[in-house]
Amino acid sequence: MTIRTRFAPSPTGYLHIGGVRTALFCWLFARSHGGQFILRIDDTDHQRNVESAIEPILRGLRWLGIDWDEGPEVGGVYAPYYQSQRSDKYQTAVNELLRRKCAYRDYARAEEIQAEREAAVKEKRTFTYSRRWMAETDADISRFEGEGRRCVIRLKMPREGELLIDDLIRGKVIFNWADEQDHVIQRADGSFIYHLANVVDDEDYKISHVIRAEEHLSNTPRQIFIIQSLGYNLPAYAHLPFVAEPGSKTKLSKRKLDKYLKNKDFAKLVEHGKSIASRIGLNTDDENFNPVIVDFYEKVGYLPEAIINYIVLVGWALDDRTEFFLMDDLVKNFSLEGVTKGAASFDPAKLLVFEEKHFLMRTTAEKARLCIPFLEAAKIFPCEYGDIIGEVIEAAGDRIKVSGDILNFSDFFVDDDLLEYDKVIYEKRVTSQPEAINLLSEFYDLLSQQEQFDVQSLENLMQKFVDGKSIKVSDIIHALRVVVTGKGVGIGMFETMSILGKKRTLKRLKRIVGTVHGSVGDRF
RNA sequence: GGCCCCGUCGUCUAGUGGUUAGGACACGGCCCUUUCAAGGCCGCGGCACGGGUUCGAGUCCCGUCGGGGUCACCA
């Protein structure tokens with residue numbers, strides 16, 4: 001049997017991180033068995049703007065390396081892959097269900113059904129529709145229509161017996177048919193409900209394994225009823241636990257950002273993302289600028305393989321020690337048996353660890369290629385010092401974990417006369433230190449006579465300088481850092497000067513100690 | 001509330017009757033240190049509870065408790 005799985009997103013306009021996990025597991029299962037992965041758009045209830053609402057989803061999946069064999073933009077033998085374009089198939093199925101008396105026309109008004117439901121709740125019993133407005137004969141139909149009623153089509157569910165589902169992840173799950181409702185499958189306006197469309201599509205597309213989130217487990221019986229009624233092939237089911245909120249078991253939701261921000265690690269993730277996004281002119285107030293949505297990571301410069309590596313481990317494990325995976329490793333090793341049953345919460349801190357590991361694996365040239373777009377977006381590139389980017393990246397080492405982090409080192413690329421200073425740090429390290437300017441001034445003179453500008457020579461020079469004055473390196477180096485880089489933190493000071501070179505280092509120093517041996521200038 | 005699912009360190013997990021319950025992240029301490037990272041070493045920390053079954057239970061059974069999902073003319 002050919003393994004065929006599918007991921008069926010609704011056109012919501014964004015790709016949820018939990019959706020990614022589901023899609024990834026479906027994709028991995030198909031790929032690891034030499035099968036096919038199908039993408040289908042569940043747009044039965046959305047009429048407008050479908051194209052713009054699925055674009056972010058398709059782009060997100062592609063960015064992550066999750067490609068589809070059949071579906072939007074690639075077509076396939078069972079096209080179309082949009083539910084909105086398959087109404088004729090659904091109508092045929094509904095007619096057949098009606099013919100086989102597995103479904104019926106129901107003329108109840110919404111309030112009438114509601115009244116029955118409320119009565120059941122009041123009497124504390126399971127609600128079971130009386131089928132009072134069920135029409136199975138032409139006489140019934142004309143009578144109800146004579147009363148001005150309109151009908152929906154409902155499933156005529158069994159009212160006794162059990163259903164056993166053998167789920168690949170949960171094992172055997174038993175449902176009582178009597179607990180199930182006569183669900184609507186076609187609305188009064190003629191449109192179709194998800195459950196019906198879903199089953200018809202899975203049959204038509206020859207889906208062998210339905211791998212989806214756990215929230216669908218409860219509505220599997222009604223789908224199996226349709227499958228059995230129509231004589232379709234029963235797919236294998238695998239219900240995945242969902243991705244939960246940080247530190248909780250509740251399903252992760254895009255709309256609860258405010259709540260998640262109370263989590264320290266989550267807040268840090270957002271903060272970090274915002275600091276990058278704001279520098280490249282992105283609107284960080286956009287509701288989709290949110291770590292629950294995949295777009296966030298792409299915008300800030302995360303590596304897709306890091307997201308994949310992290311998210312696959314939320315609810316799946318190979319063994320007791322292997323954590324680092326590339327896509328190929330996953331295709332080789334993935335199996336549904338490794339999927340865990342409990343909901344697993346999203347851990348922003350651990351995600352960042354995977355990002356770091358994957359980023360550090362890249363060569364300097366690759367990192368540069370990833371970082372440059374951010375410098376361009378921040379209008380720092382193109383610039384005349386562009387060729388030192390490789391040196392900066394190497395010196396920065398793991399201080400750059402995400403491509404956008406290169407912006408923390410933009411001071412290397414700005415014009416020496418336009419360097420901006422962190423006022424607070426400047427005050428602390430220079431203005432409020434009486435000796436600072438004099439020391440820097442003397443060091444400036446030494447530097448200007450220095451030929452060798454490599455790290456070791458500069459370090460030796462500094463050592464000699466402080467030894468001669470009976471002070472410590474730390475008594476001057478902080479002031480030196482602010483003056484040369486504008487910041488209080490950064491890569492090693494001698495590396496910094498070495499990368500900038502003698503000319504630029506002196507130029508920057510001179511802005512502050514320009515009035516040699518003089519007082520603090522009113523530079524800003 | 002009915003039905004269904006789930007329950008190992010704070011978090012992600014390994015564990016398929018006999019383990020000093022393992023790893024990773026986070027956290028704490030020490031070392032290193034010109035800042036920030038990183039790195040090295042050490043440490044804290046868990047089988048939800050109660051009954052069974054068994055020579056022996058995190059692992060099997062029952063119950064309790066806790067968490068979650070679902071009960072739409074949403075998907």
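What counts, and at which threshold
- Residues numbered from 1 in each chain as written.
- Chains lettered and ligands numbered in written order.
- Predicted model: local features only at pLDDT ≥ 70, side-chain atom pairs only at ≥ 80, totals over all residues.
- Heavy atoms only, no water.
- Helix = DSSP H or I, 4+ residues; strand = E, 2+ residues; numbered from the N terminus.
- Buried < 20%, exposed > 50% of the residue type's maximum accessible area, 1.4 Å probe, protein only.
- Contact = heavy atoms within 4.5 Å.
- Salt bridge = Lys/Arg side-chain N within 4 Å of Asp/Glu carboxyl O.
- Core = buried A, V, L, I, M, F, W, Y, C linked by side-chain atoms within 4.5 Å.
- Expected span 1.5 Å × (residues − 1).
- Arc of directions from axis to C-beta.
- pLDDT = per-residue confidence, 0-100.
- Pairing = 2+ DSSP bridges.
- Phe/Tyr/Trp six-rings, centres within 6.5 Å; stacked < 30°, edge-to-face > 60°.
- Right-handed = clockwise from strand over helix to strand, strands pointing away.
- Near = heavy atom within 4 Å.
- Polar contact = N/O pair within 3.5 Å; in protein donor to acceptor, adjacent residues only side chain to side chain.
- Nonpolar A, V, L, I, M, F, W, Y, C, P; charged D, E, K, R; others polar.

We now examine the overall build of chain A. Scanning chain A from terminus to terminus reveals 20 helices and 12 strands. Dimensions of chain A along its principal axes, counting C-alpha atoms only, are 110 × 45 × 40 Å. Counting only residues that meet the buried cut, chain A has 51% of its 524 residues in that class. Summarising the internal contacts of chain A: among those between residues at least 6 apart in sequence, 73% fall at separations of at least 24.

What follows is about the pattern of salt bridges. Tallying each qualifying case throughout the model produces 39 salt bridges. Taking the shortest distance from any N to any O, the salt bridge between Asp182 and Arg159 comes out at 3.4 Å. Placement of Asp182 in the loop between strand E7 (171-176) and strand E8 (184-186) and of Arg159 in the loop between strand E5 (152-155) and strand E6 (162-167) is noted, with a sequence separation of 23 residues between them. Residue class for Asp182 comes out buried when judged on its relative accessible area of 4%. Overall, the relative accessible area of 37% leaves Arg159 in the partly exposed class. Through salt bridges that share partners, Arg6, Arg40, Asp42, Arg86, Asp201, Asp202 and Asp204 make up one connected network.

Moving on, we get to the nonpolar core. Counting residues in hydrophobic clusters, the biggest one holds 121 residues, and the most contacted among them are Tyr297 and Phe346. Take this core: its biggest share by element is 10 residues, from helix H1 (residues 17-32).

To continue, consider helix H4 (residues 110-122). Between its first and last C-alpha atoms H4 spans 18 Å; for 13 residues at 1.5 Å apiece the expected length is 18 Å, and the two agree. Considered for burial, the residues of H4 that qualify are Glu112, Ile113, Glu116 and Ala120. Projection of H4 onto a plane perpendicular to its axis shows the buried side chains occupying an angular sector of 100 degrees, all on one side. Away from the buried face of H4 by more than 90 degrees, exposed residues Ala110, Glu111, Val121 and Lys122 are located. Tucked into the core, H4 has its buried residues touching strand E3 (103-106) and E5. Two residues or fewer past H4, Lys124 is found with a positive phi of approximately 55 degrees.

Before going further, it helps to examine the confidence of the model for chain A. Low-pLDDT portions of the prediction should not be read for the details of their coordinates. Taken over all residues, the pLDDT of chain A has a mean of 93, while the share at 70 or more is 97%. pLDDT under 50 marks residues 516-524. Its contacts with residues more than four places away, or in other chains, come to 14 contacts. With pTM at 0.94, the complex prediction returns an ipTM value of 0.94.

Before going further, it helps to spend a moment on the side chain of Arg481. When you line up the elements, Arg481 lands in helix H19 (residues 474-485). Setting aside chain neighbours within four positions, we find Arg481 in contact with Gly486, Lys487, Gly488, Val489, Gly490, Ile491, Gly492 and Met493.

The next point concerns the sheet that holds E5. The strand order E4-E3-E5-E8 describes an open sheet built from 4 strands, whose pairing is antiparallel. Each edge of the sheet is formed by a strand with only one pairing partner; in this case those strands are strand E4 (134-135) and E8. Where E5 lies against E8, 2 bridges are found, and the strand directions are antiparallel. The residue of E8 that forms the bridge with Ile153 is Gln186.

Before going further, it helps to examine the packing of aromatic side chains. Both the distance between ring centres and the angle between the ring planes are used here to describe each pair of aromatic rings. Using the criterion set out here, one finds 18 aromatic pairs in the structure. Geometrically, the ring pair formed by Tyr90 and Phe192 is edge-to-face, given 5.5 Å between the ring centres and 65 degrees between the ring planes. Of this pair, Tyr90 sits in helix H3 (residues 87-99) while Phe192 sits in the loop between E8 and helix H6 (194-204); the two residues are 102 residues apart in sequence, bridging distant segments of the chain. For the pair Phe296 and Tyr297, a centre-to-centre distance of 5.1 Å together with 80 degrees between the ring planes defines the contact as edge-to-face. Across the pair, exposure class does not vary: Phe296 and Tyr297 are buried alike.

All right, on to the pairing of strand E10 (residues 236-240) then. Judged by how many residues are buried, E10 sits mostly within the fold: 4 of 5 residues are covered. Two strands pair when backbone bridges link them, and strand E9 (residues 209-213) and E10 are joined in this way by 5 bridges, in the parallel orientation. Residue Arg212 lies in a different strand from E10, and its bridge partner there is His239. What joins E9 to E10 is helix H7 (residues 220-230), and the crossover it makes is right-handed.

Inspection of the region around RNA strand B gives 61 residues, with Ser10, Thr44, Arg187, Gly315 and Arg399 positioned closest. Near the protein, within 4 Å, the atoms of RNA strand B are sugar or phosphate in 72% of cases. Between RNA strand B and Thr44, the relevant distance is 2.6 Å, taken from a phosphate oxygen to a side-chain nitrogen or oxygen of the residue. Listed by contribution, the elements that provide at least two residues to the surface near RNA strand B are E5, E7, H6, strand E12 (344-345), helix H13 (348-361), H19 and helix H20 (493-513). Looking at side-chain class alone, the surface near RNA strand B contains 23 nonpolar, 16 polar and 22 charged residues.

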